[in-house]
Amino acid sequence: MKPFGGIDLNYTERDSRAPNPKAFDKIFGEQGVEKARRALRFVLAHDVATAVPGLRSPREVGHAVAVAERFHELTEREKEQYRFGQMPPEPFCRECGLCVPCPEGINIPAVLRFEKYANFYGLPEYAKEQYQRLNTKADGCTRCGDCVKKCPYHLDLISMIEGTHKALALRV
Ligand code: SF4
Ligand code: SF4
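Throughout what follows, the structure given in this document is the object of discussion. Worth saying up front: this structure is predicted, and the values here are computed from it rather than measured.

So, about the overall build of the protein. Of the regular secondary structure elements, the protein holds 7 helices and 0 strands. Per-residue burial for the protein yields a buried fraction of 19% across its 172 residues. Long-range pairs, those at least 24 residues apart, make up 68% of the contacts in the protein between residues at least 6 apart in sequence.

Here we take up the packing of helix α4 (residues 108–119) against helix α7 (residues 157–168). The interhelical angle for the contact between α4 and α7, taken along N-to-C directions, is 55 degrees, at an axis separation of 10 Å. Relative to α7, α4 is oriented oblique. Crossing handedness for the pair α4 and α7: left-handed. Residues Ile-108, Val-111, Leu-112, Phe-114, Glu-115 and Ala-118 of α4 lie in contact with α7, whose contacting residues are Leu-157, Met-160, Ile-161, Thr-164, Ala-167 and Leu-168. Per-class residue counts for the contact of α4 with α7 are 10 nonpolar, 1 polar and 1 charged.

A few words now on α4. Taking 1.5 Å per residue as the helical rise, α4 with its 12 residues ought to reach 16 Å, and the 17 Å between its terminal C-alpha atoms agrees with that figure. Turning to α4, the residues buried within the fold contact α5 (124–132), α6 (146–150) and α7.

A few words now on the site of ligand 2. With respect to spatial proximity, 15 residues lie near ligand 2, and among them Cys-93, Cys-96, Cys-99, Pro-109 and Cys-151 are the closest. Tallied by class, the residues present in the shell around ligand 2 amount to 11 nonpolar, 1 polar and 3 charged.

This part takes up the site of ligand 1. Around ligand 1 sit 15 residues, and of these Cys-102, Cys-141, Cys-144, Asp-146 and Cys-147 come closest. Looking at the shell around ligand 1, the elements with two or more residues in it are α6 and α7. Of the residues that constitute the shell around ligand 1, the class distribution is 10 nonpolar, 2 polar and 3 charged.

Criteria and cut-off values
- Residues numbered from 1 in each chain as written.
- Chains lettered and ligands numbered in written order.
- Predicted model: local features only at pLDDT ≥ 70, side-chain atom pairs only at ≥ 80, totals over all residues.
- Helix = DSSP H or I, 4+ residues; strand = E, 2+ residues; numbered from the N terminus.
- Buried ≥ 20, exposed ≤ 12 C-beta atoms within 10 Å, placed from the backbone.
- Contact = placed C-beta atoms within 7 Å.
- Axes fitted to C-alpha atoms, helices over the stretch in contact; angles between N-to-C directions.
- Parallel < 35°, antiparallel > 145°, perpendicular 65-115°, else oblique.
- Left-handed = near helix turned anticlockwise from the far one by under 90°.
- Nonpolar A, V, L, I, M, F, W, Y, C, P; charged D, E, K, R; others polar.
- Expected span 1.5 Å × (residues − 1).
- Near = placed C-beta within 6 Å.

Right under this line is the structure:
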């Protein structure tokens, strides 16, 4: 699901109620199409039965089908560029969602996703921007420990989200 989720394709600018066949090129340009192709190639290189790009016009479907039909495997250069097969360093959140809801309304998987954006994907500015959009930041944590009990990966969640807040909250 969401194979474009990690790249800068802004779905909110796409009008799903009245899809415009030219919208993809207009919004994303040729670079956007190329980014989408690379993202799909990355997904198809894994052991997946189906990729669900969430496309909204026959033209977009055509782009995706063309990638799938030509796909065999990533090149060695692509594997190196995409850090194929690498996982974030432990401890990291798998975003299973089992720790929420937090009584204070903190979106714990999102907070820890932005930590990965900053430290694993090398996108600190983007991570800060995304973190600012959260309604409840991690400094709202009362340290009740509910999430820690529910996390099947036994993450030290309180210190992880506090550390993320320190790293991503904008100084005022
Ligand atoms: S410890 Fe903090 S983040 Fe975890 S559930 Fe309690 S208030 Fe929410
Ligand atoms: S339960 Fe643990 S791994 Fe799952 S989303 Fe929450 S923090 Fe992440």
